[in-house]
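Structural features, examined
Each chain, letter by letter, is given below.
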Amino acid sequence: MTERFHDIALTVNGEPVRERVDARKSLVDFLRDDLGLTGSHVGCEHGVCGACTVRLDGVIIRGCLTLAVQCDGARVDTIEGVSDTGEIADLQAAFQTRNALQCGFCTPGMLLTAQMLLARGGVPSREEIREHLSGNYCRCTGYHAIVDAVEAVARARAEGRP
Amino acid sequence: MKPAPFGYAKAKSLDHAIALLAEHADCRLLAGGQSLMATLNMRLSAPALLIDINALDDLGRISLDGDTLEIGALVRHAGAERSPEISRHAPLIALALPHIAHPAIRNRGTIGGSIAFADPAAELPACLLALGGEVAITNATGTRRVAADDFFTGLFETALGTGDILTAIHLPAARADSRYGFAELARRHGDYALVGLAASARAEGKHLKDVRLAFFGIDATPVRAHGAEAALERGEDAVAALARDLEPDGDIQVSAAAKRHLAGVLLGRVAKQLGEPRQLGEPRP
């Protein structure tokens, strides 16, 4: 089995998916082009910008540095799935309230990356939030509003507020 | 950009991977892929076949054998960060890990991949050198160990040859008298270092011995600073000695003169760390 094309079966946002993929196709291109899930964005295509961030078997990864063919048997969650389940509804609301997005290109990756930090519980310092988000570029906001939103959600969750 | 077309094979065992390597001349091993995929996407490399070794669970273990800590090549950065064994027995690695890239990359990137790729500005190759560790390599004819001092041979070049797989690194486990230091300067948290320094030593009374200083981001490989090491052991001015050890190349971000200055600044910080007893940290959540 050293061929270029491979059949893969995986779970994307809870739905079973079977497709035949070219080995060179990245996970993010597969999600966007083959499955029509265009919430994950393609920015730099070499792992620097974070716009393609998705979850693979529960942990965030770069969608541009993982091949679709490697995801045979895996569970992939994208911004569409995480939005639908309501898992990050509070974080999305905080981004909107605090103007933590302008063009929105980085936002799906930013949300998934922030949710990883928030899921640990507790209230991280602003420095910890900045460090955690350092692999996700935003060219609009200057980051302050994003850090504000993540910090506000961390406090709200820690206090049990909705 | 998109990578040039390639074939893909998922190795089912180490023997299978070695057989695939022997059969296909123009191939690359795919572990975490966090450097390889970027080079393929930029078409700096265009192999005919990728051999995916991610299913080789035997390469994902961390174990203590006597006074040596073995870290399997497929241990991911995130797994290493959470490892109590690494915190306890290889605190220098634990100090370096938070500086490496970003959470999404640490979830995927592997220890073995970082060593094998041998980026001259990367943290782990310098840590391996500072610890005087060894690299375990397997191929069709057998297994061998290569000392860190002999492993990094040039820019992105190592002792790994055709048909070789890096299976693990072996590090001397920390002792009560072990001392470690780590510092780096980067423009953005998680970026490759402009200049960095990993160091180990042993404390003997108020003195240090067996000092190993490994600078990264300075030359084509991580480099020892033998003059500064000897100066630290004698209690002399190590920063002055450093001037004769390093011949930094300037790059697009920093001139050679600035790198030389920054290396001295980092040495000052790391020398201070080496003088202090080790604080055993807990792994990050």
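A brief structural summary. Keep in mind that this is a model prediction, so the values were computed, not measured. Per-chain numbering applies: the sequence of each chain, read as written, is numbered from 1 onward. Naming scheme: in the order in which they are written, chains are lettered from A and ligands are numbered from 1. Owing to the predicted nature of the model, reporting of local features is limited to residues with pLDDT of at least 70; listing and counting of side-chain atom pairs is limited to 80 or more, with chain, interface and lining totals taken over all residues.

**Here's the deal with the overall build of chain B**
- Secondary structure assignment for chain B yields twelve helices and 14 strands.
- For this measure, only C-alpha atoms enter the radius of gyration; the expected value for a globule follows 2.2 Å times N^0.38, where N is the number of residues. Taken over the C-alpha trace, chain B has a radius of gyration of 19 Å; the compact-globule value for 285 residues is 19 Å, and the two agree within 12%.
- Seen through its principal axes, chain B has C-alpha atoms that stretch 55 × 45 × 35 Å.
- Residue pairs are scored as contacts if the distance between their C-beta atoms, which are placed from the backbone, is within 7 Å. Of the contacts formed within chain B by residues at least 6 apart in sequence, a portion of 62% connects residues at least 24 apart. Secondary structure elements follow DSSP: runs of H or I of four or more residues count as helices, runs of E of two or more count as strands, with numbering from the N terminus.

**Remarks on the nonpolar core**
- By size, the foremost hydrophobic cluster in this structure holds 140 residues, and its most contacted members are I51, L92 and F215 of chain B.
- For L92 of chain B, the contacting residues outside a window of four places in its chain are C127, A130, L131, Y180, F182, A198 and S200 of chain B. Put simply, a nonpolar core is a cluster of buried Ala, Val, Leu, Ile, Met, Phe, Trp, Tyr and Cys residues tied together by C-beta atoms within 7 Å. Whether a residue is buried, exposed or partly exposed is read from the other C-beta atoms within 10 Å of its own C-beta, which are placed from the backbone; 20 or more gives buried, 12 or fewer gives exposed, and intermediate counts give partly exposed.

**Things to note about the packing of helix α10 (residues 226–234) of chain B against helix α11 (residues 238–245) of chain B**
Residue and element names in this part refer to chain B.
- For helices, the fitted line uses only the C-alpha atoms of the stretch in contact; every axis is such a line through C-alpha atoms, and the angle between N-to-C directions lies from 0 to 180 degrees. One can describe the packing of α10 onto α11 by two numbers: an axis separation of 7 Å at closest approach and a directional angle of 160°. Put simply, α10 runs roughly antiparallel to α11. Judged by the twist between their axes, the crossing of α10 over α11 is right-handed. On the side of α10, the interface is formed by H226, G227, A228, A231 and L232, while α11 contributes A238, A241, L242, R244 and D245.
- Gly is put with the polar residues, along with every residue not named as nonpolar or charged; the nonpolar set is Ala, Val, Leu, Ile, Met, Phe, Trp, Tyr, Cys and Pro, and the charged set is Asp, Glu, Lys and Arg. When the residues that make up the contact of α10 with α11 are grouped by side-chain class, the tally is six nonpolar, two polar and two charged. Any angle that is under 35 degrees is reported as roughly parallel, and any over 145 degrees as roughly antiparallel; angles of 65 to 115 degrees are reported as roughly perpendicular and all others as oblique. Each helix crossing is assigned a hand: it is left-handed if the near helix lies turned anticlockwise from the far helix by less than a right angle, otherwise right-handed if that turn is clockwise.

**A closer look at the packing of helix α3 (residues 89–97) of chain A against helix α6 (residues 144–158) of chain A**
All names here are of chain A.
- At a minimum axis separation of 9 Å, α3 and α6 run at an interaxial angle of 140°. In terms of orientation, α3 lies oblique with respect to α6. Note that α3 runs across α6; the crossing there is right-handed. Contacts from D90, L91, A94 and F95 of α3 reach α6 at A149, A152, V153 and A156.
- Among the residues making up the contact of α3 with α6, the classes are represented as seven nonpolar, no polar and one charged.

**Topic: the sheet that holds strand β13 (residues 207–216) of chain B**
Residues and elements named next belong to chain B.
- Between any two strands, pairing holds if DSSP finds at least two bridges. Pairing is antiparallel in the open sheet, where four strands are placed in the order β11-β12-β13-β14. Both edges of this open sheet fall to β11 (178–185) and β14 (223–224), since each of them pairs with a single strand only.
- Bridging between β11 and strand β12 (residues 195–204) involves eight bridges; their strand directions are antiparallel. Among the inter-strand pairings, G181 is bridged to a residue of β12, identified as A199.

**Considering the environment of G250 of chain B**
Residue and element names in this part refer to chain B.
- Mapping G250 onto the fold places it in the loop between α11 and α12 (256–274).
- Among the residues examined, G250 registers 12 C-beta atoms within 10 Å and is labelled exposed.
- Spatially, the C-alpha atoms of G250 and I218 are 8.3 Å apart, while their sequence positions differ by 32 residues.
- Residues within four places of G250 in sequence aside, it is in contact with S255, A256 and K259.

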